[in-house]
Structures are given as C-alpha cells and as structure tokens.
Amino acid sequence: MEEKIKVALTASNILNNINKPNDIKKVSANEYSALATEIREFLISNISVTGGHLASNLGVVELTMALHLSLNFPEDRLVWDVGHQAYTHKILTGRKEGFRKLRTYEGLSGFPKIKESDCDAFDTGHSSTSISAALGLAKARDLQKENYNVFAVIGDGALSGGMSFEALNNAARLQSNMVIILNDNNMSINENVGGMATYLGKVRTSVKYNGFKEGIERALSTLPKGKSVIDRLRRSKDSIKRLFIPGMLFEDMGLTYIGPIDGHNIEQLLSAINSAKNMKEAVIIHVITKKGKGYKLAEKNPSKYHGIDPFIIETGEVKKKSTKSTISYTDKFAKTLVSLAEKDEKIVAITAAMPSGTGLIKFAKRYPKRFFDVGIAEEHAVTFAAGLAVGGMKPVVAIYSTFLQRAYDQLLHDVCINSIPVVFAIDRAGIVGSDGETHQGIFDISYLLTMPNMTVMAPKNGQEFEDMLTFAVNHNGPIAIRYPRGRVYSGLGEFQAPIEYGKSELLYSEKDILLLAYGNMVEVANDVRNSLKEQGYSVSLVNVRFVAPFDEELLTKLLPTHKYVVTLEENINSGGFGQKIVGFLCKNNYNDNRCIRISLPDAFIPQGDADLLRREYGIDAQSVVNKILSEVEISNRM
C-alpha cells in the first residue's frame, strides 16, 4: 500500500512503546484508557486506508488489552472465534507495521495465522469453532503435564452455531482450567436472532440480580459460618440465581459462569480473568461490549462497518468509486427473488446469519413471514429448507460458497438422496480476495459434483442469472446456482437462448479450438477467443450453463471438428468440471482430442486482490492464451 498512513495518536503515544508480546505489561494502570484510545485511533486510521473489519475490532479493544495484561504470550494460548476481531491482539504482539499491508497479497492477514506469529494459537476464519479448538488445546496440555492457560473468545452470534454447544457439552466435563470469554455485543454481522440471543438479552438486563447477589454475600460473610453458606449457595442447582435469571443455561450445563460484566472496564475484566484462571474447571466470562465503540458512525451502523473498503474517516463514505457497473450479483439476486416472490407465495428465503451479505434484507422487509434467519447454523439451514420443501414450499437458501461446505452431509443426506427441490443460491463463488484461504469459494463445484440428483448452474451475465433463478424455483429437484462476488457482467447480452435443462449455449461455432467455460469464466473465455482470433486461430466458445448435468450431446457434436478442448473454471482442479470432461473423453475413446484444463491448483489460495490472484494462479485471459499457445506448439512438434 503506497498511500502513507497518517495516525492521529494522542500526545502520550503509549502505543509506540509496545513492539513485542507482553510489552503492554509495562503500561501503568492510569494509562490504560489512553492506550485504548490510541489503539482505536490506529485501527480507524489504518483500516480507512486498507479496508478491513472495523466495528468488531473497535468493540474488543479493552477486552484484548485485559487478556494481554493477564496472560503471557506465546506461552498461553488464545483462540479467537472467526478471528476477524483479532486486530488488537496483532497490534499487541508486535505486528503494528504489518497493518500497512493488511489483507493484501503476502501482507498481514485479517485473521489469526500460526505461520504469522507464534502468539496465534489456532488458525480461524469460520464461526463457532473456538471452544472445540481450545478444549483440544487444554486436554493436550493436561495429557502432557504442561502448564499454560487456554482461553477462547467467542461472540454471542457464534453461540447460535451448533458446534459451539457440542463443545460446551464436552467442556463441562473438564477437570482442569479453560476459560471461555463470551463477547456479547448482540451482533454477528447483522443483529443476532433465535433463542440464545433472547436468553442473553435477559442476562444482560440482570443488573438487579448481580447487585442483590453481592449484597446477600456481603451480609452472609459477616455471620458465623457464613462463608460455608455462601459456598453451598454457589454450588446449589437451586441457588438464588434461579429467582432472577431464567434457565441459568451455562451453570446447568456444568460450567462456571461469571458475569455479565462491562467489556470496556479493564479493571473489572482483569478481576474476572484473573479469578477464572485459578479455577479447576471450564469457566465462562460473559462480557458486554459495544460493536464499533469509539467511532460514532460504526456505533450507529455496525453492520456497514463490519467489513469495509477504504473509507473517508470524517464521513465514513467508501473512497473507491467504480467506473463499471455498480450492480453486484448479490443485488441482482435480491431484486430477482423479490420479484419472483411477488408472483409465487410459496417462495421462501433462508439465510444463516447473513441477511445483508446475501442480499436478503430486501426480501425480509417485503415478506417477513416468508424469511428465515436461522443464525450461524448452516447445517440446520439446509435440512430446515428440505423440510419446508417437503411441506410444499419453495425454499431458496442463500449462502456463501465457503459456508455451504459446512453443510455437506445435509446436502447429500437430507436433500439429494430424496431429490428434494431446494434452491441453493451460492454467493461469493470463486476467488473472493482479501479474506484469504478461509473464505475463497473454490471448492463448491468439486463437492457438489459428487452428489447424485444435484443440478449445478452458473450464469455468464446478469440477465442469465435472472433466467436461471426463475428456472430454479420451478425445478423439481435440488439445484444450485453459483455466482461470484462483485459486479454483474453485462457483456454477451446478444446471446439469450432460453434456459433448457442440461443444455449449454453455443456462442461461437468455428473449429480447431473449443472453449468450454461457465459462470464468470465465460467473460474470460470471450477475451481469450478474441485474442486467439487476432493471431489467426479458429475458436469456438460454449457457455456451459449446466455444470451438472453437462451437455454431452453438444460436446459430442463439436468434438470431431476440434482438436483442442479447453475447460475454464474458477475452482480447484480435483473434482472440477475439467476433470469431468477428461473422464468423458476417456470413457468415449476420444483419443485424438487434447484437453487443456484451466483451473485453480489444489491448494488454499491466500489473501489478495482478486484480479492479482487470478493472474498469479494463471486463470486470467492473458495467462490462458499463453497456456493454450504453449500446448498447441508442443502438440505441433509431436
């Protein structure tokens, strides 16, 4: 990042003296507030230049400071759920300078990375995993008779994920220390929903319980044997807590609960953390924080500033104004689904805690009774949709590619076996860019193609996307439409053949070189064709449309006049469309046709600008042209 970052730090500039792990312990208590202000200024100033996760990080500054004041790094282990809120942790472990290249190619990751620092205990990126990982670390510590603290930080939104409950259930049996920090800001990306959100809302308002409990304990402590009475009350399942907090879910599970406490009061946080460290069981510290704290615009609209592009600090407006179409595939999906739902009252929409990211906010406002946000629960979302479909509705599950993989078993077992008509609108398919390995949508084709009865489609442009969605909601079986992040491609609009099940669209019919592309790679293939034509080659181009089932009839018709078959996809190589075409050629003894597969490698693709990554991994137009020419030259020498 060439632009110079200006950091408007306070006069004391305490942050300059924190350059390695545990340096914060040199800061005096009367400077904590000033340091928290400096960290927030640093975050706002840097993220305004690079973009990144802002609101969530502003909300955990004091909490992270307290953890670093109490723990010793890298000896102690701290696992962040999702990890997008770990920026202050990175600052306090000597990575300040890295923020100049935050979330850029080969730069500082926006998530914890063990390879980046030994102070990062576990790589994270998806939700609801931290308690399981921390419990594993704690058991490994105990089995090896080691001595270090294990902490997990999980948001209240992540508790809507079933995996967190599975982990809590097991943590209750732990007979040594592990501490779970429940960071409660009533938000994930959007406002939290469901029973857990309602429960925590009641706990947040239980100030009368806390005050009353403290008063009772003070009074009892002055009496003979009062301490033993207090201990019995604390251990009792029928303790006074039940009079004030319904359920006492965590204690009923066998976990020790502390809170709720002010997540922006370092003194209270330190007291709770230090007490929890000394207990011989799993402990939950419930802290209340404000997402976006310290930046009024983010406090007012935390969803907007959850993940934001470079912005103007004074106004909060995004700096980059695209000269191309500003309509995204997500916008197109949202508008089209609302339009379809107007004509068909059986259409319902489902999201797993991503109503804004998937565009379903518009649907939710228009049809609130037909909209379902199930929380961070992808597995439940898929089987819930299957139930809706069996009951006579037409469910559309809008979900990011990277999160759909969490529901593989439900897709296969609950939807595909019975060929249940559920529509999967797979957003962020392909390279997504700066969020890196954990968020690239490059595996969905490979796992969807393993599933009998699953139909998989991908549109070449915005108009075709509308047509495919219209087709999908009336299809009598499982069907997925994958589409990329970013702007809608408006090219090739002159080609609008009606959608027919399992049929591809022949855009240009020539000979010699046959390009087979789907989704956003059709745009790339068109550029490749134009380049090859300029160099005198004869090139046909097929918009595949249906990745499964693919159009065997059209391919069989074209193969006799094409020596080279080129498949183009933004997916890993293994299990992809290219591999499927190679299998078809081998099975049917097309030995004279040479297949050139353009795909991503079987690897985790790191963070970086999406166009840069496409060039780096050889799926941009020029790289594809070069590979085809190289293969043709090799073939001609044989």
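Definitions and cut-offs
Residues numbered from 1 in each chain as written. Predicted model: local features only at pLDDT ≥ 70, side-chain atom pairs only at ≥ 80, totals over all residues. Heavy atoms only, no water. 1 Å grid on protein atoms, 1.4 Å probe; cavity = no way out; pocket = protein on both sides within 12 Å on 5 of 7 lines; lining within 4 Å. Points joined across faces, edges and corners; volume = space filled by probe spheres on them. Helix = DSSP H or I, 4+ residues; strand = E, 2+ residues; numbered from the N terminus. Nonpolar A, V, L, I, M, F, W, Y, C, P; charged D, E, K, R; others polar. Core = buried A, V, L, I, M, F, W, Y, C linked by side-chain atoms within 4.5 Å. Buried < 20%, exposed > 50% of the residue type's maximum accessible area, 1.4 Å probe, protein only. Contact = heavy atoms within 4.5 Å. Salt bridge = Lys/Arg side-chain N within 4 Å of Asp/Glu carboxyl O. Disulfide = S-S within 2.5 Å. Axes fitted to C-alpha atoms, helices over the stretch in contact; angles between N-to-C directions. Parallel < 35°, antiparallel > 145°, perpendicular 65-115°, else oblique. Left-handed = near helix turned anticlockwise from the far one by under 90°. Pairing = 2+ DSSP bridges. Polar contact = N/O pair within 3.5 Å; in protein donor to acceptor, adjacent residues only side chain to side chain.

A. Just empty space enclosed by the protein, in detail. The final tally for this structure, using the stated rule, is 3 cavities of 30 Å³ or more. Approximately 70 Å³ is the volume found for the largest cavity. The wall of the largest cavity is formed by Ser504, Leu516, Val542, Val544, Phe550, Asp551, Leu554, Leu555, Leu558, Phe577 and Ile581. Counting residues per element, the ones that place at least two in the lining of the largest cavity are helix 21 (552-558) and helix 22 (577-587). Looking at the lining of the largest cavity residue by residue, the class counts come to 9 nonpolar, 1 polar and 1 charged.

B. The nonpolar core, seen in detail. Ranked by size, the top nonpolar core spans 61 residues in total, and within it Phe333, Leu337, Phe363, Leu515, Leu568 and Ile628 carry the most contacts. Filtering out sequence-adjacent residues up to four positions away, Leu515 remains in contact with Ala525, Val528, Arg529, Val539, Ser540, Leu541, Val542, Val566, Leu568 and Ile628. With 55 residues, the next largest nonpolar core counts Leu35, Val153, Ile181 and Ala276 among its residues.

C. Quick peek at the pattern of salt bridges. Taken as a whole and judged by the stated rule, the model has 31 salt bridges. Measuring nitrogen to oxygen at the nearest pair gives 3.1 Å for the salt bridge that ties Glu523 to Arg487. Here the residue Glu523 occupies a position in helix 20 (residues 521-534), and Arg487 occupies one in the loop between strand 11 (479-482) and strand 12 (505-508), the gap between them amounting to 36 residues. Here Arg487 falls in the partly exposed class, since its relative accessible area comes to 31%.

D. Spotlight on the side chain of Thr567. Relative to the helices and strands, Thr567 resides in strand 16 (residues 562-572). A residue is classified by how much of its surface remains accessible, and Thr567, at 0% relative accessible area, is buried. Setting aside residues no more than four positions away along its own chain, Thr567 makes contact with Leu516, Phe577, Gly578, Ile581, Cys595, Ile596, Arg597 and Ile598.

E. Quick look at the state of the cysteines. The tally for this structure, following the rule as stated, stands at 0 disulfides. Distance from the sulfur of Cys586, which forms no disulfide, to the nearest cysteine sulfur (Cys595) is 9.0 Å.

F. Examining the packing of helix 1 (residues 32-50) against helix 3 (residues 61-70) more closely. Contact geometry for helix 1 and helix 3: axes closest at 10 Å, N-to-C directions at 120°. The pairing of helix 1 with helix 3 is recorded here as oblique in orientation. Seen along the crossing, helix 1 lies across helix 3 with a hand that is right-handed. Of the residues in helix 3, those in contact with Tyr32, Leu35, Ala36, Ile39, Arg40 and Leu43 of helix 1 are Val61, Glu62, Met65 and Leu69. Partitioned by chemical class, the residues of the contact of helix 1 with helix 3 number 8 nonpolar, no polar and 2 charged.

G. Focus on the packing of helix 15 (residues 378-390) against helix 17 (residues 408-416). Helix 17 packs onto helix 15 with a crossing angle of 10° between their chain directions and a minimal axis gap of 9 Å. Classified by the angle between their axes, helix 15 and helix 17 sit roughly parallel to one another. For the pair helix 15 and helix 17, the contacting residues are Glu379, Val382, Thr383 and Ala386 in the first and Gln410, Leu411, Asp414 and Val415 in the second. A class-by-class count of the residues in the contact of helix 15 with helix 17 yields 4 nonpolar, 2 polar and 2 charged.

H. Structural view of the sheet that holds strand 14 (residues 539-543). Pairing is mixed across the open sheet formed by 5 strands, whose spatial order is 12-14-13-16-17. Two strands close off the open sheet at either side, each with one partner strand: strand 12 and strand 17 (594-600). Between one strand and the next, the sheet's axes are offset by a mean angle of 20°, whatever the strand orientation. Looking at chain direction, strand 16 and strand 17 are connected through 6 bridges and run parallel. The residue bridging Thr567 from the neighbouring strand is Arg597, located in strand 17.

I. Structural detail: the sheet that holds strand 15 (residues 546-548). One open sheet accounts for 7 strands, arranged 7-6-8-9-11-10-15; its pairing is mixed. Edge positions in the sheet fall to strand 7 (371-373) and strand 15, since each of these pairs with one other strand and no more. For this sheet the average axis-to-axis angle between neighbouring strands, irrespective of direction, equals 20°. Where strand 10 (residues 455-457) meets strand 15, 2 bridges bridge the pair, whose relative direction is antiparallel. From the neighbouring strand, Met457 faces strand 15, where its bridge partner is Phe546. Running over the sheet, helix 19 (residues 462-472) touches strand 9 (423-427), strand 10, strand 11 and strand 15 and is turned about 165° from strand 11.

J. The arrangement of the side chain of Ser401 in detail. Topologically, Ser401 is positioned in helix 16 (residues 401-404). Separated by 2.6 Å, the side chains of Ser401 and Asp444 make a polar contact. Once residues lying within four places of it in the same chain are set aside, the contact partners of Ser401 are Ile426, Asp427, Arg428, Ala429, Gly441, Ile442, Asp444 and Tyr447.

Note that all results are geometric; they support no functional claim without further evidence.
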